[in-house]
Amino acid sequence: MYQIRNFMDNDDIRTVDARGAFTILEYQRDLSVAPESAMIAYFSNEMNVRKRQVVCDLSKSNVTVQAGAMQWMAGNVNATTGVKGIGDLFGKAIRGSVTGESAIKPEYTGDGTLVLEPTYKHLILLDVAEWNGSIVLDDGLFLACESSLKHKAVARSNFSSAVAGNEGLFNLGIIGQGIVCLESDCPKEELVEIQLQNDVLKIDGNMAIAWSGDLNFTVERSGKSLIGSAASGEGLVNVYRGTGKVLLAPVGRGLV
């Protein structure tokens, strides 16, 4: 048996969100600063630049996390590779090589508490069931998920235009029922959600951080012809067709 004090009950820490096995904490002030960095810490806090951390309650669900994300754990917690044989290892290695994600993501089981490394990025919890059981993530956003969810590499519909547009050919897809945690440059309050019903969305740049797995994702010219694209001042755009949702981060991505 264990008890944790002065952590989630600390008056300098607030709970931002909680879903499934995950709770997101935010440190209201950075008290561990030296005098020479106090001014930076003060103005960082005023601009919502704060440390955030994920706490996982394994009594609710086993969790899978990005490699190297664990900070500490208490109680009955066991770490495994999540690999279920040679075929599974080969599949994960191939998926990791094409999506840019770590091939092996540790899976934590038991009924204890797992705490992930703090980050200045924004932590966002999504219920995959609200995305019709399938969601695709932009590169580098995955932090953790409930282990009931499955991972797969999702290919672009047209490889040639993806290469021309300097976009990756594959993204990480999450399938099933459960909660996934994203590590985003943009806060949840600034995300724009677009619901498509047999329609199309075109975006100049990689502002989409997540989209429904049912959507058809391609990279195309902004106009019907090369002359039309040149006249509009735009080149290639990301295109999402069909029925589903897209999450946009128009403020925190693609600005530099």
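It should be noted that the structure appears before, not after, this text.
Residues numbered from 1 in each chain as written. Predicted model: local features only at pLDDT ≥ 70, side-chain atom pairs only at ≥ 80, totals over all residues. Heavy atoms only, no water.

Focus on the packing of aromatic side chains
So, step 1. All chains considered together, the criterion is met by five aromatic pairs.
So, step 2. On the basis of an interplanar angle of 85° and a centroid distance of 5.1 Å, the ring pair of Y42 and F43 is categorised as edge-to-face.
So, step 3. The ring of W131 carries K245 above its face, with NZ or CZ at 4.5 Å from the centroid. (Phe/Tyr/Trp six-rings, centres within 6.5 Å; stacked < 30°, edge-to-face > 60°. Lys NZ or Arg CZ within 6 Å of the ring centre and 35° of its normal.)

Some thoughts on the pairing of strand β9 (residues 122–127)
As a general feature of sheets, a regular strand has side chains that alternate between the two faces.
So, step 1. Most of β9 sits out of view: five of its six residues are buried.
So, step 2. Of the strand pairs in this sheet, β9 and strand β14 (residues 179–184) are connected by six bridges, and their pairing is antiparallel. The residue bridging I124 from the neighbouring strand is L182, located in β14. (Buried < 20%, exposed > 50% of the residue type's maximum accessible area, 1.4 Å probe, protein only. Helix = DSSP H or I, 4+ residues; strand = E, 2+ residues; numbered from the N terminus. Pairing = 2+ DSSP bridges.)

Focus: the environment of L248
So, step 1. Along the polypeptide, L248 turns up in strand β18 (residues 236–248).
So, step 2. Sequence separation between L248 and E190 is 58 residues; the distance between their C-alpha atoms is 8.6 Å.

Observations regarding the side chain of K105
So, step 1. Mapping K105 onto the fold places it in the loop between α2 (86–99) and β7 (107–110).
So, step 2. Judged by its relative accessible area of 8%, K105 falls in the buried class.
So, step 3. Ignoring anything within four residues of it in the chain, the contact list for K105 reads T64, V65, Q66, T81, F142 and H151. (Contact = heavy atoms within 4.5 Å.)

Observations regarding the sheet that holds strand β5 (residues 70–74)
So, step 1. A sheet is described by the order of its strands in space; here five strands give the open sequence β1-β2-β3-β8-β5, paired in antiparallel fashion. Only two strands of the sheet have a single partner each, and these edge strands are β1 (13–19) and β5. The average undirected angle you get between the axes of adjacent strands in this sheet is 20°.
So, step 2. As judged from the five bridges shared by strand β2 (residues 22–27) and strand β3 (residues 52–57), these two strands associate in the antiparallel manner. Paired with I24 across the two strands is V54, which belongs to β3. (Axes fitted to C-alpha atoms, helices over the stretch in contact; angles between N-to-C directions.)

Observations concerning the nonpolar core
So, step 1. Grouped together as the largest cluster of nonpolar side chains are 20 residues, with contacts concentrated most on L126, I135, L137, I174, V180, L182 and I209.
So, step 2. Elements represented by at least two residues in this core include exactly β9, β10 (134–137), β11 (142–146), β13 (170–175), β14 and β16 (208–212).
So, step 3. Those residues within four positions of V180 in sequence are excluded, and the remaining contacts are I124, L125, L126, V128, L137, F142, A144, C145 and L149.
So, step 4. If you look at the next biggest cluster of nonpolar residues, it comprises 19 residues, including L114, L116, L143 and C181. (Core = buried A, V, L, I, M, F, W, Y, C linked by side-chain atoms within 4.5 Å.)

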